Amino acid sequence: RRGVFHSRLCGQLGRRSESRKTILRLWRRHRSHPAVIHHFGWHLLELRGPAHTRAFHLSHPPPADASAARRADTLLQEAEVLTTLRDFTRARSRIEEAESLAPGLRWLAVTRGRLLAAMDLQSELLAHAREAAARHPSCWHRPMIEAEALVALGRDDEALDGLRRHACRFEAPFLMAQ
């Protein structure tokens with residue numbers, strides 16, 4: 001749906017109010033559309049919190065005709081909610097189920113990283129960030145995740161070296177040249 005794209009774009013450009021209005025309008029008109037259900041779930045998580053979003057997921061499973069990637073997205077959204085609720089066992093099972101449906105999604109690495117960070121498994125998070133970098137080298141937030149894990153492990157110098165090496169991902173090249 002064009003409206004879902006419009007809502008996402010408004011959210012990315014900082015127009016949160018317009019993004020919310022658009023998704024609420026879409027939700028009133030197209031409650032059974034998989035993309036609308038998924039995007040509405042993110043807005044619920046932001047506005048009403050994880051408990052309300054969990055109840056929403058239980059009452060609005062992905063439609064049977066939804067693609068495997070859409071079902072995987074919904075499972076990863078559920079994993080985010082369960083991680084916030086600190087139900088790590090169920091969150092991990094949702095991530096594994098999503099991986100079996102759509103193994104190439106970048107969002108899998110992000111969600112698994114957030115789960116490992118929430119569980120305070122910094123050494124596993126560091127290994128995961130490096131493994132994800134091999135699979136998705138253009139992922140812009142991977143150096144930051146890796147640096148956070150290194151700092152938590154007490155390896156500050158290595159974290160600074162990594163951030164300096166990847167500084168061009170965070171700043172414009174002409175700023176880095178100064």
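Owing to the predicted nature of the structure, the values given are computational and were not obtained by experimental measurement.

### A word on the overall build of the protein
Summing up its helical and strand segments, the protein has 11 helices and zero strands in all. Out of the 178 residues in the protein, the part that is buried amounts to 42%. Long-range pairs, those at least 24 residues apart, make up 51% of the contacts in the protein between residues at least 6 apart in sequence. Working note: accessible area of the protein is about 10500 Å², and carbon and sulfur atoms make up 54% of it.

### Looking at the environment of Gln122
Summarising the element assignment, Gln122 is placed in helix α8 (residues 122–135). With 29 residues separating them in the primary sequence, Gln122 and Val151 have C-alpha atoms 9.3 Å apart. Contacts of Gln122, omitting those with residues within four sequence positions, involve Ala117, Glu148, Ala149, Ala152 and Leu153.

### As for the environment of Leu125
Along the chain, Leu125 turns up in helix α8. As a C-alpha pair, Leu125 and Glu148 span 23 residues in sequence and 9.4 Å in three-dimensional space. Here Leu125 is in contact with Gly113, Leu116, Ala117, Ile145 and Ala149, once residues within four sequence places are set aside.

### Quick notes on the packing of aromatic side chains
For the structure on display, the rule yields four aromatic pairs. Taking the centre distance of 5.5 Å and the plane angle of 65° together, the rings of Trp27 and Phe56 count as edge-to-face. Of this pair, Trp27 sits in helix α2 (residues 16–29) while Phe56 sits in helix α4 (residues 50–59), and the two are 29 residues apart along the sequence. We classify Trp27 as buried; its relative accessible area is 7%. Cluster of aromatic residues (ring-pair linked, three or more members): Trp27, Phe40 and Phe56.

### Structural notes on the packing of helix α3 (residues 34–48) against α4
Running from N to C, α3 and α4 cross one another at 155°; their axes reach a closest spacing of 7 Å. Taken together, the axis directions place α3 and α4 in an arrangement best described as roughly antiparallel. For the pair α3 and α4, the crossing hand works out as right-handed. On α4, the residues touching Ile37, Phe40, Gly41, Leu44, Leu45 and Arg48 of α3 are Pro50, His52, Thr53 and Phe56. Here the contact of α3 with α4 is built from residues that sort into six nonpolar, three polar and one charged.

### Concerning the nonpolar core
Among the nonpolar cores identified, the biggest contains 13 residues, and Leu76, Ala91, Ile95, Ala98, Leu108 and Leu115 are the most heavily contacted of them. Residue assignment for this core shows that the elements contributing at least two residues are α5 (68–84), α6 (88–101) and α7 (106–118). With five residues, the top contributor of residues to this core is α5. Excluding its chain neighbours within four sequence positions, the residues that come into contact with Leu115 are Thr83, Phe88, Ala91, Arg92 and Ile95. Core analysis: the second largest hydrophobic core is formed by 10 residues, Val4, Ala35, Val36 and Ile37 among them.

### Points about unusual backbone geometry
A positive phi angle is found at Arg86, which is not glycine, with a value near 65°. For Arg86, the location among the structural elements is in the loop between α5 and α6. In this structure Arg86 comes out as exposed when scored by relative accessible area, which is 52%. Even without being a glycine, Asp120 presents a positive backbone phi close to 60°. Within the fold, Asp120 resides in the loop between α7 and α8.

What counts, and at which threshold
Residues numbered from 1 in each chain as written. Predicted model: local features only at pLDDT ≥ 70, side-chain atom pairs only at ≥ 80, totals over all residues. Heavy atoms only, no water. Helix = DSSP H or I, 4+ residues; strand = E, 2+ residues; numbered from the N terminus. Buried < 20%, exposed > 50% of the residue type's maximum accessible area, 1.4 Å probe, protein only. Contact = heavy atoms within 4.5 Å. Areas by Shrake-Rupley, 256 points an atom, 1.4 Å probe, with all protein chains shown as cover. Phe/Tyr/Trp six-rings, centres within 6.5 Å; stacked < 30°, edge-to-face > 60°. Axes fitted to C-alpha atoms, helices over the stretch in contact; angles between N-to-C directions. Parallel < 35°, antiparallel > 145°, perpendicular 65-115°, else oblique. Left-handed = near helix turned anticlockwise from the far one by under 90°. Nonpolar A, V, L, I, M, F, W, Y, C, P; charged D, E, K, R; others polar. Core = buried A, V, L, I, M, F, W, Y, C linked by side-chain atoms within 4.5 Å.

These results come straight from atomic positions and should not be treated as a statement about function.
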